[in-house]
Amino acid sequence: MNDQNRSPQLYQGSVQIEGMTCASCVGRVEKALQKLENIDSVSVNLATEKASISSSQPLNYSEIIRTIEKAGYSVAQTPVELQVDGMTCASCVGRVEKALKAVEGVRSASVNLATEKAVIVADASVTADQLIQAVAKAGYDAKVAVPDHAQQQDKKANELVELKRDLLIAAALALPVFILEMGSHLIQAFHHFVAGTIGVQNSWYIQFVLTTLILIFPGRRFYQKGFPALFRLAPDMNSLVAVGTFSAYCYSVVATFFAELLPKGTVNVYFEAAAVIVALILLGRYFEAKAKGRTSQAIQHLVGMQPKHARVEQNGQFSEMAVQDVQAGMIIEIRPGERVPVDGMVISGQSFIDESMITGEPVPVEKKLDDQVVGGTINQTGSLRIQATAVGGDSVLAQIIQMVEQAQGSKLPIQALVDKVTMWFVPAVMLLAVLTFVVWLIFGPEPALTFALVNAVAVLIIACPCAMGLATPTSIMVGTGRGAEMGVLFRKGEALQLLKEAQVVAVDKTGTLTEGKPSLTDFSVVNGFDEHDVLAKVASIENKSEHPIAQAIVTAAKDRGLTLREVSNFSSVTGFGIQATVDNAEIHIGADRFMHKLGLNLDQFADDAKRMGREGKTPLYVAIDQQLACIIAVADPIKKTTFAAIRALHELGISVAMITGDNRHTAEAIAKQLHIDDVVAEVLPDGKVEAVKKLKQQYGRVAYVGDGINDAPALAEADVGLAIGTGTDVAIEAADVVLMSGSLIGVPNAIALSKATIDNIRQNLFWAFVYNIALIPVAAGLLYPLYGILLSPVFAAGAMALSSVFVLGNALRLKKFRPVIAAES
């Protein structure tokens with residue numbers, strides 16, 4: 001959408017509309033928009049799919065969009081991705097989301113703490129500058145995200161270096177403060193030593209200087225972000241640290257320089273609390289930053305797969321060229337051991353290529369003339385010349401990286417409750433801290449002021465919204481990254497949660513359970529006939545036909561190096577088969593009834609025929625010069641990996657249903673072989689959607705696996721759609737998960753990974769919430785009346801830092817996830 005004020009009286013704008021198919025759609029949209037108040041004119045163009053609107057008042061795009069949607073159409077919206085800096089905890093995420101959603105025209109906003117990105121779906125009238133300004137008003141820095149992974153890694157590395165520097169400074173300055181103060185408390189002799197040498201007051205002066213340096217330099221980050229957020233009435237984790245440490249520091253300064261202002265018995269210093277808290281929280285931040293860097297290693301690994309240069313043919317000579325300068329159509333040479341620089345088609349040479357980075361399967365794949373190769377894969381044995389077909393963002397590797405990033409940046413339904421809680425968490429903690437201070441000041445033992453301050457600071461420091469904010473996104477990042485390494489691409493993050501809940505996996509037969517192309521599966525000859533001679537004669541006759549079964553026999557003959565012969569007197573016998581003459585021999589090919597018509601006895605092939613019937617195959621017979629010569633069967637063979645995949649699904653407690661357009665006899669025979677639980681046969685393409693709906697009613701959540709264009713509606717209808725990566729682009733676009741290996745083994749692996757990831761998220765959330773529920777009351781001093789236990793602010797800071805590190809460490813365990821079925825070698 002764009003809005004231009006052409007004159008003081010006239011406002012004009014345009015809206016991109018989706019879903020219009022004919023002139024009546026145009027009329028319907030125009031009629032709906034013309035009913036709006038202050039709209040002077042509306043012109044809808046079907047070709048450009050745009051509505052041009054003129055008004056005497058500024059255009060209310062929200063109202064315009066609602067009207068278009070009410071008419072049954074939708075408005076095109078392009079997601080905007082922002083890089084947001086300065087977020088430290090879950091409450092920051094809530095503030096940024098709230099600020100973005102407040103911008104008029106924003107339909108949805110999703111902020112991810114782990115990736116530090118915001119994805120906004122907004123009307124086209126909303127500019128990136130408006131969104132950036134909204135984030136700035138909330139107290140954070142934002143810019144349009146640019147997919148420059150090297151730059152992002154450099155930025156993360158620089159942040160880690162700064163954190164390490166500040167941590168070392170804080171630790172070096174905090175150590176003497178801690179020794180001077182806590183040493184005096186814990187060891188009586190050390191107290192006397194300090195008092196007898198430098199003196200207690202001078203010790204306080206030293207602590208004051210060192211702590212001031214800590215708060216001004218390494219600790220300034222908490223004050224620069226925490227206090228402005230507090231003044232905006234939107235406190236975050238930095239606010240908790242800033243208020244807690246500053247309170248302890250200010251109290252200690254008064255005790256050191258203006259002791260007469262404090263009640264008798266309350267003159268104590270807590271410089272060590274402020275100093276050590278800053279050092280410990282910086283330690284937690286440092287570990288957190290290191291762990292967050294490891295969560296995105298899958299993306300870094302994929303980016304590293306892309307070669308920097310390609311050997312391109314120009315004017316008959318090969319020369320090095322930067323990969324980003326390679327264009328589609330260029331000829332590229334790939335030597336043994338080199339990575340394939342771009343996607344392309346082999347035009348000469350033969351080799352084996354390791355495609356494990358794409359498929360997750362370690363077995364090299366043979367590549368010859370006209371075969372496709374993928375950029376980033378490794379050429380092993382031979383030299384190849386390829387013609388570039390997809391470069392840059394169009395390459396398979398670039399699309400995989402984009403899919404993984406989109407999944408990593410998404411939010412699961414389980415996150416909704418967490419977001420609601422964390423929005424109110426920090427303000428609630430600050431109120432609890434104030435309440436703790438007041439209660440101890442009024443009801444606490446002497447020195448009441450000291451107890452009140454220490455416990456209020458402990459409450460502020462112990463609370464950790466960081467762990468809550470990181471619990472879900474870090475697990476998603478590691479889980480989806482591990483999936484990409486296994487050849488399982490989650491296009492949508494929600495699929496991670498929904499796949500775990502699947503009760504039944506529905507599969508298309510052709511191309512999913514089977515190879516997807518007929519081949520010669522059985523060929524047995526009668527004693528006295530030569531197998532190669534018979535096959536050559538049969539293939540010579542079948543070569544006259546375009547039928548898939550005939551072509552499968554011809555392909556089998558050619559694969560064995562047989563030469564096709566001259567055919568004469570070819571004729572088709574309706575309802576029986578075909579006959580022809582080859583090498584002066586009369587050949588008859590057909591079903592059993594054709595052989596019975598010729599008066600031939602089929603008893604010697606009776607066992608073979610029964611077995612083929614059980615396997616859903618239809619046997620064909622061949623007679624040469626009125627003698628039975630052989631039995632043939634052509635079928636779409638079941639993939640070797642299918643048996644193990646279905647067994648693994650059953651072990652996971654999931655039922656398997658097959659949906660196919662094949663006749664019921666063939667479908668049930670295959671289902672019996674594979675131990676499939678439910679069969680829906682003789683289904684037309686549009687009937688697959690109905691079949692999926694019925695399975696939902698019968699079982700619950702349905703995951704559908706398919707590979708063809710006719711599977712796209714069923715993939716979209718299922719709770720989770722899984723597309724075989726070797727399938728069509730349409731099927732892949734309609735799916736939530738893409739299995740790059742092209743085999744069914746990716747399905748149980750994807751489901752097992754989904755279960756592991758969601759379990760990991762629940763563990764993280766349990767730890768994050770239970771930690772706070774258990775320790776905040778302890779920090780407030782709830783155990784003091786019963787057991788005399790108080791929690792020092794220093795220990796509170798250590799516990800807080802550890803909680804985030806624990807959550808990240810737990811998420812990183814997913815990197816060790818092992819597939820339930822390893823790729824077959």
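Residues numbered from 1 in each chain as written. Predicted model: local features only at pLDDT ≥ 70, side-chain atom pairs only at ≥ 80, totals over all residues. Heavy atoms only, no water.

## Some words on the overall build of the protein
Link 1 in the chain: Counting its regular elements, the protein contains 30 helices and 31 strands.
Link 2 in the chain: Relative to the compact-globule value of 28 Å for 825 residues, the protein shows a C-alpha radius of gyration of 36 Å, a clear excess of over 25%.
Link 3 in the chain: Principal-axis analysis of the C-alpha atoms gives the protein an extent of 125 × 75 × 65 Å.
Link 4 in the chain: By residue count, 51% of the 825 residues in the protein fall in the buried class.
Link 5 in the chain: In the protein, 68% of the contacts between residues at least 6 apart in sequence involve partners at least 24 apart.
Link 6 in the chain: As displayed, the protein has an accessible area near 37100 Å², and 56% of this comes from carbon and sulfur atoms.
Link 7 in the chain: Averaging the locations of the 69 positively and 81 negatively charged side chains of the protein gives two centres separated by 5 Å. (Helix = DSSP H or I, 4+ residues; strand = E, 2+ residues; numbered from the N terminus. Rg over C-alpha atoms; globule rule 2.2 N^0.38 Å. Buried < 20%, exposed > 50% of the residue type's maximum accessible area, 1.4 Å probe, protein only. Contact = heavy atoms within 4.5 Å. Areas by Shrake-Rupley, 256 points an atom, 1.4 Å probe, with all protein chains shown as cover. Lys, Arg positive; Asp, Glu negative; His and termini not counted. Charge placed at Lys NZ, Arg CZ, Asp CG, Glu CD.)

## Considering helix α25 (residues 687–699)
Link 1 in the chain: Here α25 is 13 residues long and its end C-alpha atoms lie 18 Å apart, about the 18 Å a rise of 1.5 Å per residue gives.
Link 2 in the chain: Along α25, the residues classified as buried are Lys688, Val689, Ala691, Val692 and Leu695. Projected down its long axis, α25 shows its buried positions confined to an angular sector of 160°, all on one face. With respect to the buried face of α25, the exposed residues turned more than 90 degrees away are Lys694 and Gln697.
Link 3 in the chain: In this structure, the buried residues of α25 make contact with β20 (504–508), β27 (655–659), β28 (678–680), β29 (702–706) and α26 (712–717).
Link 4 in the chain: Looking one or two residues past α25, Gly700 carries a phi angle of roughly 120°, positive in sign. (Expected span 1.5 Å × (residues − 1). Arc of directions from axis to C-beta.)

## Remarks on the packing of helix α19 (residues 531–542) against helix α20 (residues 548–559)
Link 1 in the chain: The geometry of α19 relative to α20 is characterised by a closest axis approach of 8 Å and an angle of 135° between their N-to-C directions. Here α19 is positioned oblique relative to α20, judged by the angle of their axes. Between α19 and α20 the crossing geometry is left-handed. Contacts from Leu535, Val538, Ala539 and Glu542 of α19 reach α20 at Ala550, Gln551, Ile553, Val554, Ala556 and Ala557.
Link 2 in the chain: In the contact of α19 with α20, the residues fall into eight nonpolar, one polar and one charged. (Axes fitted to C-alpha atoms, helices over the stretch in contact; angles between N-to-C directions. Parallel < 35°, antiparallel > 145°, perpendicular 65-115°, else oblique. Left-handed = near helix turned anticlockwise from the far one by under 90°. Nonpolar A, V, L, I, M, F, W, Y, C, P; charged D, E, K, R; others polar.)

## Describing the packing of aromatic side chains
Link 1 in the chain: Taken as a whole, this structure holds 16 aromatic pairs when the rule is applied.
Link 2 in the chain: Here the aromatic cluster, defined as three or more aromatic residues joined through ring pairs, consists of Tyr205, Phe208, Tyr249, Phe257 and Phe271. (Phe/Tyr/Trp six-rings, centres within 6.5 Å; stacked < 30°, edge-to-face > 60°.)

## Thoughts on the side chain of Ser239
Link 1 in the chain: The topology assignment puts Ser239 in helix α9 (residues 237–257).
Link 2 in the chain: Judged by its relative accessible area of 0%, Ser239 falls in the buried class.
Link 3 in the chain: Setting aside its immediate chain neighbours within four residues, Ser239 contacts Gly226, Ala229 and Leu230.

## Regarding the sheet that holds strand β15 (residues 365–367)
Link 1 in the chain: Taken together, three strands build an open sheet; the order of strands is β15-β14-β17 and the sheet is antiparallel. Of all the strands in the sheet, the pair left with one neighbour each is β15 and β17 (378–379).
Link 2 in the chain: Direction of pairing for strand β14 (residues 351–354) relative to β17: antiparallel, over a ladder of two bridges. Bridge assignment links Asp354 to a residue of β17, and that residue is Ile378. (Pairing = 2+ DSSP bridges.)

## Here's the deal with the UniProt feature "transmembrane region" (unreviewed entry) in the protein
Link 1 in the chain: Those residues carrying the UniProt feature "transmembrane region" (unreviewed entry) are residues 167–190, 202–219, 240–261, 267–287, 421–443, 449–472, 765–784 and 790–809 in this numbering.
Link 2 in the chain: Secondary structure content for residues 267–287 is 81% helix and 0% strand, while the C-alpha to C-alpha distance between its ends is 36 Å.
Link 3 in the chain: For residues 790–809, the end-to-end C-alpha separation is 29 Å, with 85% helix and 0% strand making up the annotated structure. (UniProt positions renumbered as here; feature names shortened; annotations may be inferred.)

## Structural notes on the packing of helix α7 (residues 200–216) against α9
Link 1 in the chain: Axis separation between α7 and α9 bottoms out at 10 Å; the angle between their running directions is 150°. In terms of orientation, α7 and α9 fall into the roughly antiparallel class. Judged by the sense of rotation from one axis to the other, the crossing of α7 with α9 is left-handed. In contact with Gln201, Trp204, Tyr205, Phe208, Thr211, Thr212 and Leu215 of α7, α9 contributes Tyr249, Val253, Ala255, Thr256 and Phe257.

## Topic: the sheet that holds strand β26 (residues 627–635)
Link 1 in the chain: Across the sheet, which stays open at both edges, the six strands sit in the order β21-β26-β25-β24-β23-β22 with antiparallel pairing between neighbours. This sheet does not close on itself; its edge strands, each paired only once, are β21 (519–525) and β22 (567–573). Put simply, the sheet's adjacent strands are angled 20° from each other on average, direction ignored.
Link 2 in the chain: Relative to β26, β21 is paired through six bridges, and the arrangement is antiparallel. Residue pairing for β26: Val525 is matched across the bridge by Cys630.
Link 3 in the chain: Relative to the sheet, helix α22 (residues 606–614) contacts β21, β25 (619–624) and β26, its axis offset from that of β26 by approximately 15°.

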